[in-house]
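Remarks on the overall topology
One letter stands for each residue in the lines below.
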Amino acid sequence: MREIKVKDIIEICNATLVCGNEQEIVKNLKKDTREIQKGDTYVGIQGENFNGSMFFEKAIENGAKICILDDIEIKKEIIEKYKDIAIIKVKDTIEAMQKLAKVKRESYDIPVIGITGSVGKTSTKDIIASVMSKKYNTLKTAGNYNNHIGLPLTILSLENQTAAVIEMGMNHKGEIANLTKIARPTMSVITNIRNVTYRRLRIKRKHIKSKT
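Before going into details, it helps to say that this report is about the structure given with it. (Residues numbered from 1 in each chain as written. Predicted model: local features only at pLDDT ≥ 70, side-chain atom pairs only at ≥ 80, totals over all residues. Heavy atoms only, no water.)

This part covers the environment of Glu3. Relative to the helices and strands, Glu3 is located in the segment before α1 (6-12). A sequence separation of 153 residues divides Glu3 from Leu156, and the C-alpha atoms of the two residues are 9.5 Å apart. Ignoring any residue separated from it by four or fewer positions in sequence, one finds Glu3 in contact with Asp8 and Ile25. (Helix = DSSP H or I, 4+ residues; strand = E, 2+ residues; numbered from the N terminus. Contact = heavy atoms within 4.5 Å.)

Next up, the structure:
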């Protein structure tokens with residue numbers, strides 16, 4: 001499934017089509033309304049202090065043709081106003097992105113290098129991607145988009161690439177395992193493994209000692 005359509009989201013994510021054409025092709029997923037350009041797909045992410053789904057109208061004004069939203073209330077007059085825009089409701093937008101990314105990754109039989117470690121992930125990713133680009137049309141993780149949101153967005157940006165270099169980070173136990181299930185690396189690189197908890201304790205003790 002190299003092209004994901006609205007109807008695929010409905011099927012894979014048990015989603016509801018509020019309005020719009022289910023044949024629309026999902027392209028250029030963005031989670032920030034300020035980055036939306038004409039024809040992009042907006043994904044409303046639930047943050048700590050706000051729900052991105054509530055800003056879908058701003059995304060549409062900026063050119064979004066598809067909006068993937070949490071199950072928020074949308075008034076009938078708003079639906080009528082944007083009836084030509086594909087608005088889709090899912091139970092959880094992050095979970096939906098992960099499901100879609102997993103399905104899309106499975107449709108690509110290409111080398112995928114997964115990179116993780118306590119430090120040095122981004123620089124290692126950039127070096128490996130630079131080398132691989134000599135032979136392959138290579139997709140790489142943008143910036144440090146290496147978490148449960150950024151990694152699916154990276155995978156979903158796959159188009160005509162023939163290789164990918166994917167950075168994977170973590171802030172809780174089990175996160176790398178979950179990211180690996182989505183990215184399905186054919187080769188893995190671990191830069192190093194550091195006992196972060198022990199290191200933080202040392203820094204904290206040093207800080208307390210310096211105060212006294």
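Our focus in this paragraph is empty space enclosed by the protein. All told, the structure shown has one cavity of 30 Å³ or more when counted by the stated rule. Surrounding the largest cavity, Ile4, Val26, Leu29, Leu100, Lys104 and Leu156 form its lining. A breakdown of the residues in the lining of the largest cavity according to their chemical character gives five nonpolar, no polar and one charged. (1 Å grid on protein atoms, 1.4 Å probe; cavity = no way out; pocket = protein on both sides within 12 Å on 5 of 7 lines; lining within 4 Å. Points joined across faces, edges and corners; volume = space filled by probe spheres on them. Nonpolar A, V, L, I, M, F, W, Y, C, P; charged D, E, K, R; others polar.)

Counted residue by residue, strand β4 (residues 66-70) has five buried out of five residues, so it is predominantly covered. In the sheet, strand β3 (residues 41-43) pairs with β4 via three bridges, with the strands oriented parallel. Each residue of the ladder has a partner; that of Val43, found in β4, is Ile68. A crossover links β3 with its parallel partner β4, the connecting element being helix α2 (residues 56-61), and its sense is right-handed. Across five bridges, the pairing between β4 and strand β5 (residues 86-90) is parallel. Its bridge partner being in β5, Leu69 is matched across the sheet by Lys89. Chirality of the crossover, the property in question, places the unit of β4, helix α3 (residues 76-81) and β5 among those that are right-handed. (Buried < 20%, exposed > 50% of the residue type's maximum accessible area, 1.4 Å probe, protein only. Pairing = 2+ DSSP bridges. Right-handed = clockwise from strand over helix to strand, strands pointing away.)

Quick look at the side chain of Asp40 now. Here Asp40 is to be found in the loop between β2 (29-30) and β3. Reaching out from Asp40, the side chain makes a polar contact with the backbone nitrogen of Gln37 at a distance of 2.8 Å. Not counting chain neighbours up to four residues away, the residues in contact with Asp40 comprise Lys27, Asn28, Lys30, Glu35, Gly63, Ala64, Lys65 and Ile66. (Polar contact = N/O pair within 3.5 Å; in protein donor to acceptor, adjacent residues only side chain to side chain.)

What follows covers the packing of aromatic side chains. As enumerated under the stated definition, the model contains one aromatic pair in all. Taking the centre distance of 6.3 Å and the plane angle of 70° together, the rings of Phe50 and Phe55 count as edge-to-face. Under the relative-accessibility criterion, Phe50 is labelled partly exposed at 48%. (Phe/Tyr/Trp six-rings, centres within 6.5 Å; stacked < 30°, edge-to-face > 60°.)

All right, on to the pattern of salt bridges then. All told, the structure shown has eleven salt bridges when counted by the stated rule. In this structure, the salt-bridge partner of Glu80 is Lys83, at a minimum N-O distance of 3.4 Å. Owing to a relative accessible area of 48%, Glu80 belongs among the partly exposed residues under this scheme. Taking the relative accessible area as the measure of exposure, Lys83 reaches 47% and is therefore partly exposed. Of the charged contacts in the structure, one is a salt bridge between Asp126 and Lys140, with a shortest N-O distance of 3.0 Å. Here Asp126, found in helix α5 (residues 121-132), pairs with Lys140, found in strand β7 (residues 138-140); they are 14 residues apart in sequence, far enough to count as distant. The exposure class of Asp126 is partly exposed, given its relative accessible area of 33%. Where salt bridges share partners, they join Lys125, Asp126, Lys140 and Glu167 into one cluster. (Salt bridge = Lys/Arg side-chain N within 4 Å of Asp/Glu carboxyl O.)

Spatial ordering of the open sheet is given by β1-β5-β4-β3-β2, a layout of five strands whose pairing is mixed. The sheet is open, and its two edges are formed by β1 (16-19) and β2, each paired on a single side. In this structure, β2 lies alongside β3, joined through two bridges in parallel fashion. Residue pairing in the sheet places Lys30 in a bridge with Tyr42 of β3. Where helix α4 (residues 93-106) meets the sheet, its contacts fall on β2, β3, β4 and β5, and the angle it forms with β4 comes to roughly 125°. (Axes fitted to C-alpha atoms, helices over the stretch in contact; angles between N-to-C directions.)

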